[in-house]
Every structure is written in structure tokens, then in C-alpha cells.
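# Topology and contacts: notes
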Amino acid sequence: MNIYEVLDKIIVNKRYKLSSALFDDKYRDELIEKDVILFDLLKNISSIGTEIHNGSIKFHPLFTTADGRRTFSVEDITEEDFSMLEAMELNRVPLVLRALISDILWSQRKVYSAAMLAAEAYWNLFILWYTDDDNIGTIDMIRRAVCISLQIKQESLFSDICAWVNDFISQKAVTIDGFFSLRLMELFAEQKMYDVSAFPDVLDQMISSDHDNVSKVEQAYELKVYCYNKLKKNEEAKNANIALAEYYVNFAEQTVQRDMLGAMRAGNFFQKAIVLYRNSGEKEKAENTHRRLVEVQKDIPKLMVPITMELDIKGVVDNIHVNMEGLTFEESIIRLIQMFVFEKRDIIKQRVIEEYKNYPLSHLFGENIVNERGQTTLALQPLDIRNLEGDTELLELHMHQNALKNQRIVGDIWIKNILLYIRNKYDFDNSMLEFLVKDNPIIPAGRERIFQSAVSMFIRGEYYEAMHILAPQVENLFRNIAREVGGLTVTLENDGSSMEKVLSSIFDLPELLDCYDNDIIFTFKGLLNEKAGANIRNEVAHGIISEEACGSGVCLFFGAAVIKLLSFTSVSCYKILKNSERLKHFEKPGENALKIIDKREK
């Protein structure tokens, strides 16, 4: 048999029926010798995946593994392969394979005759596959037929497609379930020469008939606005946006329930409505909706059901007592910083990457970072699983979020209990912390006393007061370091005025990164300034951080990090550590120091 006879035998023109698995070796053995190589090539091509958009197509390997291995790709087609494909009698190839081969020749080689065949093949596949009751996957066929026919100015085919579409929109668009009608209308609304005058009335009918399907209604309103803009009916477009905003508000009010999910969904709809009102000049409606949004957001923290677990921290407490026993007050502070570790940036990065590789399904969607007032401070997008390190800025945000989770645990379990031990064991005052700040070159001149007072407050458990001093003073400390090493920490405006750069710019100064430990900079950047991190400095600067939040694990971690930071450049700390025999012996906590209690064992 020749290649065309074999293809007719193994390929039927049904949806999803093109696969490399169809090319069984038993058919290969039946071929005449000259067609064997072509058979192998067509088998590989049949494994290629496609991603079809209104105006383009992308070919990609069907599978790509984390280590970079992949199945056959269009890039693997050689010059010799293309010559074989161009020499084929494509009219004799089954439709579904003909469409793919012809499109590859057109998209990759600009073979005009192949483009004509591809457009016709896609249109014929659409007619063959589409039914009113089953249209899944057919929209891609008409998309590609329209795109290619317009590219090569095949007007007769485009006219035939338009005639079918016009009949469909006038007779069936409202009654067809799913999103097929909307996607079809979007496709033709984008075509310059297509008249969309009939679309708004049809879309109104679709909105009325499926009013509870928020995704469908949203898409219909947005398409309606697009059509009015295309028709240059600006007032109608504005009114359609206002109508969508009112729909969002009404739907949000229906969605608000006494659970977190309902409140968060409602908040999302209110936010969309606010943007639409603002863009439409409806200032008062935007402000009223914003007030309602704030009311809803206040309830979200109350509705959140915490994930609780029972922990046995006896091993932690025992380890703290063993390491603290017999120390002076000054030695106990140094022991605290011995037990505190700045996590390495590369380790955090690797942990994020490994979590994505090991649990890809749990990282398919983004994550909204919500503060204690229920407001979304950051919509954290997921990393691209195919290229986890491609977007370095996004990866860093994920690293800050990952580090934050560890910082909360360390603060809540270790730092909290160490501080409790110190407060119960020692009677101390501010003067006893002079050793940490005296002649400490990292502290800006004249700031020693305020650092000393803030650290004393922190150790005494006056966390609310301590955070309000430490956050801005640590910011100034890093500004001072950056200046000392030649970093430019101020801006210069065109009118000659200057102002301090924002903190994020300070942490990113190359002079600071070149001269100072990058793991420490990364830690404080997340603690002080990142929305994906603790963001303590901004919470304090705006006066919105609560007393309860200042005693949380991450704030305790921040306080301990400040003490550790000061200790690095304290001569007195070094002397105490050098001369103390007790501090030279440190017992590491056992693997089971912290246990999660299985309630089933009770």
C-alpha cells in the first residue's frame, strides 16, 4: 500500500482522533519502501499540540518534562522533512491531518497553496463536527478557517463562513448552551469588515436568559461594550459598562454570606464595579461601592476558619532551658542570637522550586495575600511551571511568601519561648542592654539610645511600642549603610528638590548588595517592605498595625533579627562570646523537639 491508502485506513475525521498512536508499526510494514520515512514523519507530526487564538496558532510539544525532555516539536522538522511534506498530494490526505500539515507549511514556510488547503480543511472540519448539541472544540476550527482565509484574501470562503455565522446569530445564538455563541461573536467582532450592529440586541437576550451565570453575563457585557466602541457609540458603551457595574454590585450582595468564601467573592465583584464606575465618571457610585467593600472586608478575618493543629513543644522548651541555664543576662541575649539563624536566600529559592516540582497541582492558581483587615494587599500569580525561574521578580515574591511562613513558626514557637524564659529568669533594665549598642558602627550616630530602649521594650514584651520604634529605625539603619558605601539614597527632581528614595529602592541598590550580606538584606526586605512578606514598616508607617499583630510570630522574628543584626558589629558581644565558656557549648534541639499531636492517639 502507498501512504495515502494507509492514512485512509488509520485516520477518521472525528474530533480528537488524530494521534501518533494511530501509526502502528503493523501499517508501517505494509508500506512501499519509499513511503516508510514519510510515515515516521507524519507519526511525529500527529503528536504535535496546537494552541489556537483568534489571530494566530502556536505549535508545541504534547509533553514537556521538568528536566527539559519533550516530545516531537515543529522545530524538529528538517529541510528534508519540509520538502517531503510539500511534495505530498495533500488533497488525498484525511481532513484532520490535511489541516495540520497544511497549516504547518503555511505558518512555518508561507506556502500559499497550503494556506488555501488549510483554510478549506478547517472549515470543512467545522461543518463536519459541529452540532447544536455538541460543539466542544469546534470553535478552533472556524477560528483558524477565518484567520487563514483573511490572511490570503480568500474572500469567497470568508463570505461562506459569514453567511453561516449570520444565520446562527439570528436564529440560534441565544438558545445554544455554553460559551460557544459568545466566542463566535467575539471572533467576528474582531474582524474589521464585519458588521456587529445586530450583536448588542442578541447579547441583551443572552444576559436576560442566563442572568445567574456571572461568567457568561460578564463576557456578554464586555463584548457589548466592544461592539459599541467599534460602532463609535461611546454613550452606549459607557452605559453598558455602568450596567455591568450594577450587575456586579447586585451579584455581590447576593453572594455575601456568613462564610469567608462568599465574602471574598463579593469583595472581588465590588472591586470590579468600583473600577467600572470610576472609568465611567460615576464618582459617587464608586465611592458608595467602595464604602460597602470596606464593610465586607472587615468581616472577612472574623469569618476565616483557622487551620489548627495541636503541637507538643516540650522538646523546644526543654532545649531552651538546657541552653539558657546558668547564663548571665548578657549571655542569654547572645544565646538568643545563637539560636536565631538568617535563612539563606538560595535555600528559600530552592524550597519554592521544589514545592512547585513536587506539588504542581497545588500551585496552578494564584494566591491572594489578605491582611488582618480583610483587604487583599497582593494578588500573587503562580510561577510558570515550564520555566520556574523565568520571571525573577515573581519568583522573589514567592520566596518572600515562603520565608514568611517559616518566620511565623520560628517566632511563635522558638523566639516567644526564649523571650518568656529571659523575662521570667532575669530582673533587668535598659542599661543592661548597653553592651549591644555602645560604639556599634552599624547604628547611625545619635541613635544608640533609641535602639537600646526599643530592644529593651521588645525583651520585656512591650511589642507594640517596640515595633513602632524598631521598624523606622532599622529602615534608617540600612539607608545609612547604603550611604556609607557610596549608594545614592536620595532622588533629584528637575526643579532641584530632593527626597529620600523609597525603601525598596534602598534594598536594591547595587552598592548595598555588593558590600553587605545578601541573605540578611533579603530577610529584612521581606520583613519590612514586601507585600508578599511581613510588610511591617508600611503597616507601622501608616499607623494601622494592631497591638495583637505586633506580638505575632513574624514580629517576634523581626525583633530577634534586629538583635542578631546589631550583635554582628558589637565589640562587647564579641568579647562576651569569646570569654564565656558556657556559650561555647550549645546543644542542638533533637529532631522531635517539636511534635504535631495526632488527636486520634488520644
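That block above? That's the structure.
This part covers the overall build of the protein chain. Within the protein chain, the regular secondary structure consists of 28 helices and eight strands. For the protein chain, the C-alpha radius of gyration of 33 Å lies well beyond 25 Å, the compact-globule estimate for 602 residues. Based on the C-alpha atoms only, the size of the protein chain along its principal axes is roughly 95 × 65 × 65 Å. By the burial criterion, 46% of the 602 residues in the protein chain qualify as buried. Residue pairs in contact within the protein chain that sit at least 24 positions apart in sequence constitute 66% of those at least 6 positions apart. In the structure as shown, the protein chain presents an accessible area of about 31600 Å², 50% of it carried by carbon and sulfur atoms.

Let's shift gears to empty space enclosed by the protein. Under the criterion given, the structure shown has one cavity of 30 Å³ or more. Estimates place the volume of the largest cavity at around 40 Å³. Taken together, H400, A403, L404, Q407, F522, T523, G526, L527, G533 and A534 form the lining of the largest cavity. Looking at the lining of the largest cavity, its residues break down into five nonpolar, five polar and no charged.

Another point: unusual backbone geometry. As a rule of thumb, non-glycine residues mostly have phi less than zero, and peptide bonds are mostly trans rather than cis. Unusually for a residue other than glycine, K110 sits at a positive phi of about 55 degrees. Structurally, the position occupied by K110 is in the loop between α5 (95-109) and α6 (112-129). Backbone geometry at D439 places phi at a positive 55 degrees, although glycine is not the residue there. On the secondary structure map, D439 appears in the loop between α19 (434-437) and α20 (448-460).

Before going further, it helps to examine the packing of helix α1 (residues 3-10) against helix α3 (residues 36-45). For the pair α1 and α3, the least separation of the axes is 10 Å and the interaxial angle reads 35 degrees. Where α1 crosses over α3, the handedness of that crossing is right-handed. Along its contact with α1, which presents I3, V6 and L7, the element α3 presents L38, F39 and L42. Partitioned by chemical class, the residues of the contact of α1 with α3 number six nonpolar, no polar and no charged.

Quick look at the pattern of salt bridges now. Inspection of the entire model under this criterion finds 32 salt bridges. Where R92 meets E89, a salt bridge forms, and the shortest distance between an N and an O atom there is 3.6 Å. Classification of E89 as partly exposed rests on a relative accessible area of 42%.

With that out of the way, let us pick up the side chain of S46. As for its position among the elements, S46 is in the loop between α3 and β1 (49-53). For S46, a relative accessible area of 6% translates into the label buried. Polar side-chain contacts of S46 include one of 2.8 Å to the backbone oxygen of L42. Beyond its immediate sequence surroundings of up to four residues, S46 is in contact with L18, S19, S20, F23, L97 and L100.

Conventions adopted
- Per-chain numbering applies: the sequence of each chain, read as written, is numbered from 1 onward.
- Local features in a predicted model are, by the rule used here, given only for residues with pLDDT of at least 70; side-chain atom pairs are given and counted only at 80 or more, and totals for whole chains, interfaces and linings are based on all residues.
- Here the side-chain values reflect all heavy atoms present in the structure, with hydrogen atoms and water set aside.
- Under the DSSP-based scheme used, a helix requires at least four consecutive residues in state H or I and a strand at least two consecutive residues in state E, with every element numbered from the N terminus.
- Every radius of gyration here is taken over C-alpha atoms, with the globule rule written as 2.2 Å times N^0.38, N being the number of residues.
- For the exposure calls, accessible area comes from a 1.4 Å probe over protein chains only, and a residue counts as buried if that area is under 20% of its type's maximum, exposed if over 50%, partly exposed in between.
- Whether two residues are in contact is decided by their heavy atoms, any of which lying within 4.5 Å being enough.
- Surface accessibility in these figures is a Shrake-Rupley result with a 1.4 Å probe; residues are shielded only by whichever protein chains are displayed.
- Here a cavity denotes a set of grid points, spaced 1 Å apart and computed over the protein atoms alone, in which a 1.4 Å probe fits but from which it cannot get out, and a pocket denotes an open set meeting protein on both sides within 12 Å along at least five of seven lines; residues with an atom within 4 Å of a point are reported as lining.
- Grid points are joined across faces, edges and corners, and a volume is the space filled by probe spheres set on the points.
- Charged means Asp, Glu, Lys or Arg here, nonpolar means Ala, Val, Leu, Ile, Met, Phe, Trp, Tyr, Cys or Pro, and polar covers whatever is left, Gly included.
- Every axis in this analysis is a line fitted to C-alpha atoms, fitted for helices over the stretch in contact. Angles between the N-to-C directions lie between 0 and 180 degrees.
- Working rule for handedness: look at the near helix, and if it is turned counterclockwise from the far one by less than a right angle, call the crossing left-handed; if clockwise, right-handed.
- Salt bridge criterion: a side-chain nitrogen from Lys or Arg within 4 Å of a carboxyl oxygen from Asp or Glu.
- Two N or O atoms count as a polar contact when they lie within 3.5 Å, although within protein this holds only if one can serve as hydrogen donor and the other as acceptor, and sequence-adjacent residues are included solely when both atoms are side-chain atoms.

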